[in-house]
Amino acid sequence: MSTTIPTLRPKFEITSRAVLPSRETKIAVDALNFYYGRAQALKDITLTIPARMVMAFIGPSGCGKTTFLRTLNRMNDVIPATRVEGKVMIDGADIYSASADVVELRRKVGMVFQKSNPFPKSIFDNVAYGLKINRLASSRSELEGRVEEALKDAALWEEVKDRLKSSALGLSGGQQQRLCIARALAIRPEVILMDEPASALDPIATSKIEELIMDLKNQYTIVIVTHNMQQAARVSDLTAFFLLGKLIEINTTEKLFTAPDEKVTEDYVTGRFG
Amino acid sequence: MSFSGTDRTRRTASQLMTTLTALCTFGAVGILLIILSYIAMRGIGALNLRFLFDSPRPVGEGGGIGNAIVGSAVLLGLSCAVGIPAGIATGVYLSEFGSGWFAPVVRFLVDTLTGIPSIVTGVFVYGVVVLRMKHFSALAGGIALALIMIPIVARTTEEMIRLVPHSLREGALALGAPQWRVTLGVIIPAAASGIATGAMLAIARVSGETAPLLFTAFGSRFFPRNLNEPIASLTVQIYNYAISPYDEWHAQAWAATLVLMTLILGINITVRFLTRKKF
């Protein structure tokens, strides 16, 4: 078995992007603990995520990467009997402070789920939903414009422009997932969280989503959880490796997959366990 | 090519079971058809246009059930106006917002309410509304029927909302939607056809109720003029005619039964049509 996983991007590009200090910090997590009831799912996580980059979370099943992702837009709030300790700062403001507005937070930090979850509404209404509830469009024509723009950004416009009024549930799995991405993009968040967005998709749909991620990172800070290490290597600038609720290593993707600092990371990325 | 012994056994067993389930289905649907056709046979004789529009007359002079049809419609309208919103609101509360010790208590009470015999509901409304107002009225009848509807609508609404995938809720929340907008704009529409089915069940159930109306709406031989006086209903009229000693009224009771069943069927089809899945 080979010890490295080849990346598809040329090397010089990666090293140039890996100059971290030039990027401002978007998300800073400090000593985060998370509990489901009495079970501790995340242990003392500290990391920073720079703006307009793609950070991937990898690790075996149950290591806490999805839980951690969901702490970044307080999606775990909807699960009963959960508890958070520590700080998550986005643009310098603690999202868990008493004064933080969770609705405001989620407008800023969008999310795409593992299983596509379009609403049982028309394609148009799915994308327009976030715009309507957040009153982001003042007229019908502006609404239509923003929906079109979001669908174009999600590389779905050409496939659905003639059937915007038909049900979103009639789309294929890959199209549904891109619709969910369009729905998240429509309200122009600053951060996009993606929870294994391509895990249920075929290779062609997957590569479309990956291309999309690479296009989007010029404008958005993207955090992606993935099971698929090749995918992490292909799309991300930075990779964090989680194991049993702990953050083991965070590094540039290039370094994490070729010369990780930790032995256990190397064991994982080379397929010795997990 | 020949089939082995076990394969043949399996096929035979499969065919046997398929036949058995088909027979049971025919049995169940067949009984319904027998009831329907029997009522149609007995009822069709006394049924004519005048019967549908006229009000009751003394024995031997014909007369009809027009006032009872209107009365039933008024009573159903009243009970729906009270029972459906209250039931849906209770169901939404139980599934979406209820937590701690209160929701399970409410759920238990709602279940108990479902099991209360309808005549008890009638006596209760008689005590609380009729005695206070000092006369029978359409309002009292509507309240009695609404009390029967609420728990049915509440529990089906709760169950139907529970069936909406959690991922839809999270998807909407993740877009910055406040809880109440998620419930109103995503969850309830996604459960709408199920909720409508629950409402329909409740309507079908109360349109057949007689006992609670005996103590509340009482019945009347005239077309209703306002909600504050006794009102006729198909079921009470059927009951009164059925226990009478006259063959003519017996025939009219059959015809009224046929009309009642047709109306319930009509309501069912209409609601199904209005709430059919669009997406």
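Residues numbered from 1 in each chain as written. Chains lettered and ligands numbered in written order. Predicted model: local features only at pLDDT ≥ 70, side-chain atom pairs only at ≥ 80, totals over all residues.

Focus: the overall build of chain B
Each helix and strand in chain B was counted, giving twelve helices and zero strands. Counting from the amino terminus, chain B carries its helices and strands in the arrangement α-α-α-α-α-α-α-α-α-α-α-α. Computed over C-alpha atoms, the radius of gyration of chain B comes to 24 Å, more than 25% over the 19 Å expected from 2.2 N^0.38 for 279 residues, which places it beyond the range of a compact globule. Summarising its shape, the C-alpha atoms of chain B cover approximately 75 × 60 × 35 Å along the three principal directions. For chain B, the residues scored as buried account for 38% of the 279 residues in total. Contacts in chain B between residues far apart in sequence, at least 24 positions, make up 76% of those at least 6 positions apart. (Helix = DSSP H or I, 4+ residues; strand = E, 2+ residues; numbered from the N terminus. Rg over C-alpha atoms; globule rule 2.2 N^0.38 Å. Buried ≥ 20, exposed ≤ 12 C-beta atoms within 10 Å, placed from the backbone. Contact = placed C-beta atoms within 7 Å.)

Concerning the nonpolar core
If you look at the biggest cluster of nonpolar residues, it comprises 144 residues, and the most contacted ones within it are A:Ala182, A:Leu193, A:Val223, A:Ile224, B:Met149, B:Val153 and B:Ala256. In terms of residue count, helix 6 (residues 138-163) of chain B provides more of this core than any other element does, 16 residues in total. Setting aside residues no more than four positions away along its own chain, B:Ala256 makes contact with B:Ile65, B:Ala68, B:Leu234, B:Gln237 and B:Ile238. (Core = buried A, V, L, I, M, F, W, Y, C linked by C-beta atoms within 7 Å.)

Observations concerning the domain arrangement of chain B
Residue and element names in this part refer to chain B. Its domain assignment divides chain B into domain 1 (5-44) and domain 2 (51-57 + 64-274). Each of domain 1 and domain 2 has a C-alpha centre, and the two are 32 Å apart. Counting from both sides, the interface comprises five residues of domain 1 and, opposite them, five residues of domain 2. Here the residues of the side of domain 1 that touches domain 2 sort into three nonpolar, one polar and one charged. (Domains from an automatic or database assignment. Nonpolar A, V, L, I, M, F, W, Y, C, P; charged D, E, K, R; others polar.)

Quick word on helix 8 (residues 179-190) of chain B
Residue and element names in this part refer to chain B. The terminal C-alpha atoms of helix 8 lie 15 Å apart, and with twelve residues this matches the ideal 16 Å at 1.5 Å per residue to within 8%. All buried positions along helix 8 are accounted for by Val182, Val186, Ile187 and Ala190. Angular distribution of buried residues about the axis of helix 8 spans 85°; they occupy a single face of the element. (Expected span 1.5 Å × (residues − 1). Arc of directions from axis to C-beta.)

Re the packing of helix 4 (residues 102-115) of chain B against helix 6 of chain B
All names here are of chain B. It is at 8 Å that the axes of helix 4 and helix 6 come closest, and there the two elements cross at 130°. When the axis of helix 4 is compared with that of helix 6, the two are oblique. Considering how the two elements wind past one another, helix 4 and helix 6 form a crossing that is left-handed. In this structure, helix 4 contributes Val110, Leu113 and Thr114 to the contact, and helix 6 contributes Pro151, Ile152, Ala154 and Arg155. Considered class by class, the residues forming the contact of helix 4 with helix 6 number five nonpolar, one polar and one charged. (Axes fitted to C-alpha atoms, helices over the stretch in contact; angles between N-to-C directions. Parallel < 35°, antiparallel > 145°, perpendicular 65-115°, else oblique. Left-handed = near helix turned anticlockwise from the far one by under 90°.)

Quick word on the sheet that holds strand 6 (residues 109-112) of chain A
Residue and element names in this part refer to chain A. Taken in spatial order, the six strands make up an open sheet running 6-7-8-3-9-10, and their pairing is mixed. Of all the strands in the sheet, just strand 6 and strand 10 (246-252) have a single pairing partner and so form its edges. Direction aside, neighbouring strands of the sheet carry axes that sit 20° apart on average. Alignment of strand 3 (residues 54-58) against strand 9 (residues 238-243), held across four bridges, turns out to be parallel. Bridge pairing in strand 9 links Ala56 to Thr239. (Pairing = 2+ DSSP bridges.)

Quick look at the packing of helix 5 (residues 140-153) of chain A against helix 7 (residues 173-186) of chain A
Residue and element names in this part refer to chain A. Where helix 5 meets helix 7, the axes come as close as 8 Å, and the angle between the chain directions of the two elements is 130°. In this view, helix 5 runs oblique relative to helix 7, as classed from their interaxial angle. The handedness of the crossing between helix 5 and helix 7 is right-handed. Note on element contacts: helix 7 touches helix 5 through Ala182, Leu185 and Ala186, opposite Arg146, Val147, Ala150, Leu151 and Asp153.

Quick notes on the confidence of the model for chain B
All names here are of chain B. With 97% of its residues at a pLDDT of at least 70, chain B reaches an overall mean of 91. Ranking the elements of chain B by mean pLDDT puts helix 9 (residues 192-207) last with 88 and helix 6 first with 95. With pTM at 0.79, the complex prediction returns an ipTM value of 0.84. (pLDDT = per-residue confidence, 0-100.)

Structural notes on the environment of A:Glu254
Examined against the element boundaries, A:Glu254 turns out to sit in helix 10 (residues 253-258). For the pair A:Glu254 and A:Asp237, spaced 17 residues apart in sequence, the C-alpha to C-alpha distance is 7.7 Å.

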